[in-house]
Amino acid sequence: MPSIVERAIDREETAMEFDRVPVPGGDLRIARFGSGPRLIIAVHGITASLMAWQRVGSSLPAGWSMVAMDLRGRGHSAGVSGPYGLRRHAEDVERVAEHVGADETSVLTGHSMGAYVAVLHAVERQYARTVLVDGGLPLPLPPDISADDLLELRLGPAIARLSQTFVDVEAYVGFFKEHPALADWTAAMEDYVRYDALEIEGGVRSRVREDAVRTDGRQLLTEGEAIGAALRAIKSPLRLLRAPRGLLNQEIGLIPDALADSWTAQLPGLRDEVVPDCNHYTIAFHDRCVRVVVDRLTLEPAI
């Protein structure tokens, strides 16, 4: 049976061209969607892979292309060694941008944790615009809880999955189909899960490294001051696209209104937009949401 990569290449609507980018500790896998001269650099979330951008990348208009990467510790870059951390990923994004010839006409985007990585990277390179997808604003750490405890509360189920072994790939796909935020299942979601499935002796597990997730997740909660400083220093036009529902499809999203309002007050150039009827994941998977994301990424003139 052909692999998920082979099947995706064979399907016209999800055609991808793969490459490797040397970084300290190994080679990152990247994928290019489309062939247009206008380029988008895309960064995925904390337990995700480049396949999180498949639906968006395959929906771009003529004249555009997208390059997404498997961050170190994820996907087919899982073997790239640490140290991990948001700044380390931002340095890797710079190496990818150099490798593919990104310039001041290119667009930068990131989803979830990838939005925070994009914020740190955007300080170092000029883009036509930077689009943050349901992430990128510093997350307040309540005074009565440690970063590790809060990480368990927010990402505990996702982290637990990384140490689980499933009978086979079908069982792994079935596990994701039970996720409350993925009830409206799509082909892109299935491709995303199958890409992440690693066959091992005794079954299947995720390709994602738990130590990478714990390091990066802790920094998401403790590096708010540095992330805020980077947001203030970004020179490219900045847009935030938010999902109104959260990681478990709850009614309060990852970036609630009050947090977004506080940052739009501080950064008059930050354009905040809620994408209707989406949660943290479907904003990148469901066509009704993807159409908005694609439009804001390729909007002319630059926002």
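Conventions and cut-offs
Residues numbered from 1 in each chain as written. Predicted model: local features only at pLDDT ≥ 70, side-chain atom pairs only at ≥ 80, totals over all residues. Heavy atoms only, no water. 1 Å grid on protein atoms, 1.4 Å probe; cavity = no way out; pocket = protein on both sides within 12 Å on 5 of 7 lines; lining within 4 Å. Points joined across faces, edges and corners; volume = space filled by probe spheres on them. Helix = DSSP H or I, 4+ residues; strand = E, 2+ residues; numbered from the N terminus. Nonpolar A, V, L, I, M, F, W, Y, C, P; charged D, E, K, R; others polar. Buried < 20%, exposed > 50% of the residue type's maximum accessible area, 1.4 Å probe, protein only. Pairing = 2+ DSSP bridges. Axes fitted to C-alpha atoms, helices over the stretch in contact; angles between N-to-C directions. Contact = heavy atoms within 4.5 Å.

### Let's talk about the layout of surface pockets
- By volume, the largest pocket amounts to about 950 Å³.
- Where the lining of the largest pocket is concerned, the elements lending two or more residues are α4 (113–122), α5 (147–162), α6 (169–177) and α8 (210–222).
- Here the lining of the largest pocket takes 8 residues from α5, the largest share from any one element.
- Here the lining of the largest pocket is built from residues that sort into 29 nonpolar, 10 polar and 3 charged.

### Regarding helix α7 (residues 187–196)
- Counting buried positions over the 10 residues of α7 gives 9, a clear majority of the element.
- The set of residues buried in α7 consists of Ala188, Met189, Glu190, Asp191, Tyr192, Val193, Arg194, Tyr195 and Asp196.

### Here's the deal with the environment of Ala78
- By the element assignment, Ala78 lies in the loop between β4 (64–69) and α3 (86–100).
- As for Ala78 and Arg207, which are separated by 129 residues in sequence, their C-alpha atoms are 6.4 Å apart.

### Some words on the sheet that holds β4
- Reading across the sheet, the 8 strands line up as β1-β2-β4-β3-β5-β6-β9-β10 and stay open at both edges, with mixed pairing between neighbours. If you trace the sheet from one side to the other, it starts and ends with β1 (17–23) and β10 (270–274), each paired once. With direction set aside, neighbouring strand axes in the sheet form an average angle of 20 degrees.
- Sheet strands in contact with helix α10 (residues 257–266) are β9 (238–242) and β10, and its direction is about 160 degrees off that of β10.
- The sheet strands contacting helix α11 (residues 287–298) are β3 (38–43), β4, β5 (107–111), β6 (129–133), β9 and β10, and the helix crosses β6 at an angle near 160 degrees.

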